Amino acid sequence: MMEAGSLPLELWRMILAYLPLPDLGRCSLVCRAWYELILSLDRTRWRQLYLGYTECRHPNWPNQPDVEPESWREAFKQHYLASKMWTKNAAILETSVCFSLFRRRRTRRTLSVGPGHEFHSLGSALAMSSLFDRILLFPGLHEEQGEIILKVPVEIVGHGKLGEVALLASIDQQCSTTRLCNLVFMPAWFSPFMFKTTSGHVQFDNCNFENGHIQVHGPGTCQVKFCTFKNTHVFLHNVPLCVLENCEFVGSENNSVTVEGHPSSENNWAYTHLLGLIRSSPSVLPTEDSDSLMSLDLESRDQAWSPRTCGIVIEGSQSPTSPATGSPKAGSQEAEVGSDGERVAQTPDSSDGGLSPSGEDEDEDQLTYRLSYQVQGPRPVLGGSFLGPPLPGASIQLPSCLVLNSLHQELQKDREAMALASSVQGCLIRKCLFRDGKGGVFVCSYGRAKMEGNIFRNLTYAVRCIHNSKVRCIHNNKIIMLRNHIHHCRASGIFLRLEGGGLIAGNNIYDNAEAGVDIRKKSNPLILCNQIHHGLRSGIVVLGNGKGIIRNNQIFSNKEAGIYILYHGNPVVSRNHIFKGSAAGIAVNENGRGLITENVIRENQWGGVDIRRGGLPILRSNLICFGYSDGVVVGDEGKGLLEGNTIYANKGCGVWMMSSSLPHVTSNHVSYNGLYGVAVFSQKDGSGESPGGHVAQESFGEDGDATLWETELEKDDDLLRRPITAALVESNTVNHNGASGVYVQSSEVLHVITNVIHANGDRGITVAQSSQLTRVANNSISCNHQSGVKVEAQCKVEFRGNGIYDNRGHGIITKGDSTVIENDIIGNRGSGLQLLPTSDTKVIKNRIHSFRAYGIAVQGRAKALLQENTVFQGKTNKTIFQQISNNQECIMQNNKFLVFKKKSDTWRLANPPARPHLENSLRGPSAAHSGQKVTAMATRITAHVEGGYHSKRSIFCTIL
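Residues numbered from 1 in each chain as written. Predicted model: local features only at pLDDT ≥ 70, side-chain atom pairs only at ≥ 80, totals over all residues. Heavy atoms only, no water.

An unreviewed UniProt entry lists the protein under the name F-box only protein 10, from Physeter macrocephalus. If you open the UniProt record of the protein and go to Subunit (unreviewed entry), you find "Component of the SCF(FBXO10) complex consisting of CUL1, SKP1 and FBXO10. Interacts with BCL2. Interacts with PRDM1." (UniProt positions renumbered as here; feature names shortened; annotations may be inferred.)

Visitor: I'm lost on the overall build of the protein in this one. Help?
Guide: Regarding its fold elements, the protein presents 10 helices and 79 strands. For the protein, the residues scored as buried account for 61% of the 960 residues in total. Look at the contacts in the protein between residues 6 or more apart in sequence, and 58% of them connect residues 24 or more apart. Surface exposure of the protein reaches about 36,500 Å², of which carbon and sulfur atoms provide 51%. (Helix = DSSP H or I, 4+ residues; strand = E, 2+ residues; numbered from the N terminus. Buried < 20%, exposed > 50% of the residue type's maximum accessible area, 1.4 Å probe, protein only. Contact = heavy atoms within 4.5 Å. Areas by Shrake-Rupley, 256 points an atom, 1.4 Å probe, with all protein chains shown as cover.)

Visitor: Hey, could you run me through the pairing of strand 27 (residues 449–452) in this one?
Guide: Remark: a regular strand shows side chains that alternate across the two faces of the sheet. Of the two faces of strand 27, both are covered, the one formed by Ala449 and Met451 as well as the one formed by Lys450 and Glu452. Two strands pair when backbone bridges link them, and strand 25 (residues 426–430) and strand 27 are joined in this way by 4 bridges, in the parallel orientation. Of the residues in strand 27, the one forming a bridge with leucine 428 is lysine 450. Examined bridge by bridge, strand 27 and strand 29 (residues 479–482) share 4 bridges and lie parallel to one another. In the strand pairing of strand 29, alanine 449 is matched with isoleucine 479. (Pairing = 2+ DSSP bridges.)

Visitor: Would you mind showing me how to read the packing of aromatic side chains here?
Guide: For the structure shown, the criterion picks out 15 aromatic pairs. With 5.1 Å between their ring centres and 85° between their planes, phenylalanine 204 and phenylalanine 209 make a pair best called edge-to-face. According to the relative accessible area criterion, phenylalanine 204 is buried, its value standing at 1%. A connected cluster of aromatic rings, assembled from ring pairs, spans Phe185, Phe195, Phe204, Phe209, Phe229, Phe249, Phe434 and Phe456. A cation over a ring is seen here: lysine 196 above phenylalanine 193, with NZ or CZ 5.8 Å from the ring centre. Looking at arginine 602, its charged tip hangs above the ring of phenylalanine 579, at a distance of 4.1 Å from the centre. (Phe/Tyr/Trp six-rings, centres within 6.5 Å; stacked < 30°, edge-to-face > 60°. Lys NZ or Arg CZ within 6 Å of the ring centre and 35° of its normal.)

Visitor: Just to check I follow, could you spell out the packing of helix 4 (residues 42–51) against helix 5 (residues 72–83) for this structure?
Guide: Two quantities define a packed helix pair, namely the angle between the helix axes and the distance between the axes. Axis separation between helix 4 and helix 5 bottoms out at 8 Å; the angle between their running directions is 30°. It follows from the interaxial angle that helix 4 and helix 5 lie roughly parallel. Crossing of helix 4 against helix 5: the hand is left-handed. Contact residues: helix 4 offers Asp42, Arg43, Trp46, Arg47, Leu49, Tyr50 and Leu51, while helix 5 offers Trp72, Arg73, Ala75 and Phe76. For the contact of helix 4 with helix 5, the class distribution of residues is 7 nonpolar, no polar and 4 charged. (Axes fitted to C-alpha atoms, helices over the stretch in contact; angles between N-to-C directions. Parallel < 35°, antiparallel > 145°, perpendicular 65-115°, else oblique. Left-handed = near helix turned anticlockwise from the far one by under 90°. Nonpolar A, V, L, I, M, F, W, Y, C, P; charged D, E, K, R; others polar.)

Visitor: Would you take a moment to explain the side chain of asparagine 828 for this structure?
Guide: Here asparagine 828 shows up in strand 69 (residues 824–828). Taking relative accessible area as the criterion, asparagine 828 reaches 1% and is therefore assigned buried. With residues up to four places along the chain from it excluded, the contact list for asparagine 828 reads Ile804, Tyr805, Asp806, Asn807, Gly809, His810, Gly811, His849, Ser850 and Phe851.

Visitor: What am I meant to see in the environment of serine 659 here?
Guide: With respect to the secondary-structure elements, serine 659 resides in the loop between strand 52 (655–658) and strand 53 (664–666). In this structure, the C-alpha to C-alpha distance between serine 659 and phenylalanine 681, residues 22 residues apart in sequence, is 6.0 Å. If sequence neighbours within four positions are ignored, serine 659 has contacts with Val680, Phe681, Ser682, Ala727, Ser746 and Glu748.

Visitor: It is not clear to me how helix 8 (residues 270–280) should be interpreted in this structure. Could you clarify?
Guide: Each α-helix turn comprises 3.6 residues. Residues three or four places apart therefore point the same way. Residues of helix 8 that are buried: Ala270, Tyr271, Leu274, Leu275, Leu277 and Ile278. Angularly, the buried residues of helix 8 cover 160° about the axis, an arc narrow enough to put them on a single face. Of the residues in helix 8, the exposed ones pointing more than 90 degrees away from the buried face are Thr272 and Arg279. Residues of helix 8 that are buried in the fold lie against helix 5, strand 11 (201–205), strand 14 (221–225), strand 17 (241–245) and strand 25. (Arc of directions from axis to C-beta.)

Visitor: How should the nonpolar core be read in this particular structure?
Guide: Grouped together as the largest cluster of nonpolar side chains are 125 residues, with contacts concentrated most on Ile135, Phe185, Leu236, Val257, Phe456, Ile540 and Ile586. Among the elements that line this core, the one with the most residues is strand 28 (residues 455–465), at 5 residues. In this structure, leucine 236 is in contact with Val216, Cys222, Cys242, Val257, Thr258, Val259, Glu260 and Cys427, ignoring residues within four places of it in sequence. (Core = buried A, V, L, I, M, F, W, Y, C linked by side-chain atoms within 4.5 Å.)

Visitor: Is there a simple way to think about helix 5 in this case?
Guide: Between its first and last C-alpha atoms helix 5 spans 16 Å; for 12 residues at 1.5 Å apiece the expected length is 16 Å, and the two agree. Among the residues of helix 5, those classed as buried are Trp72, Ala75, Phe76, Gln78, His79, Ala82 and Ser83. The arc enclosing the buried residues of helix 5, seen along the axis, measures out at 160°, which places them on a common side. For helix 5, the elements touching its buried residues are helix 2 (21–27), helix 4, strand 8 (177–181), strand 11, strand 14 and helix 8. Of the residues flanking the start of helix 5, the one acting as N-cap is serine 71, its side-chain oxygen 3.4 Å from the backbone nitrogen of arginine 73. (Expected span 1.5 Å × (residues − 1). Polar contact = N/O pair within 3.5 Å; in protein donor to acceptor, adjacent residues only side chain to side chain.)

Visitor: Please clarify how the pairing of strand 6 (residues 165–168) should be interpreted in this entry.
Guide: With burial as the criterion, each face of strand 6 is covered, one bearing Val165 and Leu167 and the other bearing Ala166 and Leu168. Pairing geometry for strand 3 (residues 140–143) and strand 6, over 4 bridges, is parallel. What sits directly across from leucine 141, in strand 6, is alanine 166. Bridging between strand 6 and strand 9 (residues 184–186) involves 3 bridges; their strand directions are parallel. Bridge pairing in strand 9 places leucine 167 opposite phenylalanine 185.

Visitor: Looking at this model, I keep getting lost on the confidence of the model for the protein. Mind explaining?
Guide: Close inspection of predicted coordinates is inappropriate in any region flagged by low pLDDT. With 75% of its residues at a pLDDT of at least 70, the protein reaches an overall mean of 79. Residue range residues 343–369 is modelled with pLDDT below 50. Its contacts to residues more than four positions away, or to other chains, number 96 contacts. Below a pLDDT of 50 lies the segment residues 702–721, which in the model reaches 42 contacts outside its immediate sequence neighbourhood of four places, other chains included. (pLDDT = per-residue confidence, 0-100.)

Visitor: Even after reading the chapter, I still don't get a nonpolar patch on the surface, so can you show me in this structure?
Guide: Taken together, the side chains of Leu11, Met14 and Ile15 define a hydrophobic patch exposed on the protein surface, amounting to about 270 Å² of accessible area. Along the chain, the position of methionine 14 falls in helix 1 (residues 9–16). Judged by relative accessible area, methionine 14 falls into the exposed class, the value being 54%. (Patch = residues over 30% accessible without salt bridge, like charges linked within 9 Å, V, L, I, M, F, W, Y side chains within 5 Å. Salt bridge = Lys/Arg side-chain N within 4 Å of Asp/Glu carboxyl O.)

Take a look at the structure:
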């Protein structure tokens, strides 16, 4: 036998390129070398054979007809095996009782139909056909005047190119199997149904269907490949298994495919064979190598503001923050007196911890004594990347808990989701194109459908799942959507209602007129690893008691909120990246709820999270950063819990909230925001506006006016949520923000407890309005660029157990009604305590010191009770107490004034140790009550920013 190596391989390839398919198969059996030689013809002879086969189209048609398959031979093999699937029961039929007398195998006949051929019509050919005969329709228009009933298995094939044979008929299949190929179907004049079957298996290959209906009823099955449906509706009812593959659906006036009813428990002969064929074909399930995501690092960005920074010490180590620039040199003036007698320091930044800052800019011979105390620095939440100032062009490395996983990784972690993604039951729609019509796929009444690798474009909607059509529960009904492209829909891309559900994973959903995914009326899908972007409305909408798990998605560049929750929607939103939206990252309105945890919400035009009008979410352990407005907005009538979040480098406030909503803000890290760290307001302008018209213009598609939802909502018990009676800001780190760390302009009760308020660009705390009591307790207020605390006239504030250290202005300056009890006010550049005219202050059991100014300064006719305080001497014996006028309303009782005796004196704060005593009062995110009520929806209000920001107004997430 001739060896393959006796001639050059290129010459052998030229010779073998002339062989037909049967001879190629024989040559591949000669030996291993010949087998490999035949395989090497993949891009030449095998491609030629495939494209010359009239019963199929390009293997990547219709979605990627210009992309070659990995192997033309493998594609040819797959199509050949699929085309023979309809004959798998031939042996059973031919050995049945009716044919037991015929011992030899019967030869299939070919019956020709057309002018000048054996039969003039399809009906007459069928009357003479036997089992598995081939009926060949020659070019022309074949019109049947009556219903065609298929009683024996046959194959009906059009001769010539697709489009040359048209069949106007209504066919009712009553046999076990049949195949139709290379035909153009059009409905007969008497019925819109072109084909229907109730129990058998039908196979369509390379056909066109125009302006009619196809119906398959369980236990019947169907296999459809390389077909075009023009304004044609495929109706699948109780079908146990159906495959639509590489098909095109164009111009539908209703749904292109309807899947209705639970898959039949009674299976026909084809079910097992069809299932095996599906499992042997290439899958779209992701692998570790093929799965990819967009870059996970936050992109570089230009900073529109430069927050002033102060070196910070955490657990005794110097942080990587850069020192403040433009500070005066040592030896400059100690302080300048600003408006209202408030001193603005002109000296360099103070140390964050250790000893009093006096030693930094004083020579040893000028040093009088040292007062030892420790300043509480910021507590890290996400690590060092978020401790320093944002740097233009810098890439921020996310902690592992916030990095997106690939779909492959998520499926490996979630075994239930993996089993669901791998399962096949009901209808499988794969690699199809739905375009330029009303609807794509409609699944209802416990239907099951799986959609893989399809394109849905220019439709009213892509997929609708309603009426108990479920996806999430494996032993119930399910819809599975994997790696589809859904774009330019005139309504929502995917729409789930009436307990619809599904696994929606790895899809690219973009440029839709309404929400990318719309979840309502108790629907509960798993939405995993999708890209949902550039929508003209929201990315995902959850309303009307809708639920769902929204995890590990990229949601970006949408015109409205990335995720919008309202009308008792209650999803679990975790580990998503939500960024560059034209509105809020996540909006919770109209009694929406939800658990929002471990998301990265960045670079959105409005608030990172916007909670209004009865919104009640739990917001936990999220990174909310680089927003163009506020980090979190808790507006009028909003409720909720903000816990353990990092709110970083937003251009507006870190948290903007209304105290009347009774928000609970705990254990958050709020830093490097352009304006206030936490701003608390209570004013309402009564305009009733909503941000950007976001709520007022929401139409919610087919269900009419959104206000009608209130009558349909189930009333969930709120047993886990204990009520709170006052707005609460506790255990937060608020540092390096552009204006005051905490700004209060409220007429409701507010508690500010156990926070670290450090190195902010204005004051630590500013109380501009507080007609009800504002309680400030156990906070560390240090190194702020102006006073530690300022209280305006007619404000009611209680200070207890705070440590107020190293601020550049006064420790506390007050014009209002204040109670100052058991605080340490140490090392501030201005006076420790400045009492201005109109103030009424009780100062009891405090330890007070100012190195350069007075420990306590009483201005004008201030009313004060100074009792049992310890005041340390500063630079000279004149820096203990100042009373400008002969004020009879200033009462002093049992105060202790400590003066130094020699240079080496070192006083320590002991019995009790330096305040605040945070060790037992600080709580981590997991310790706080998991169900605190939260708040949402605020109307537009403006306020002047204090300190160096007088010319600007606060940037709020407001509806314009």
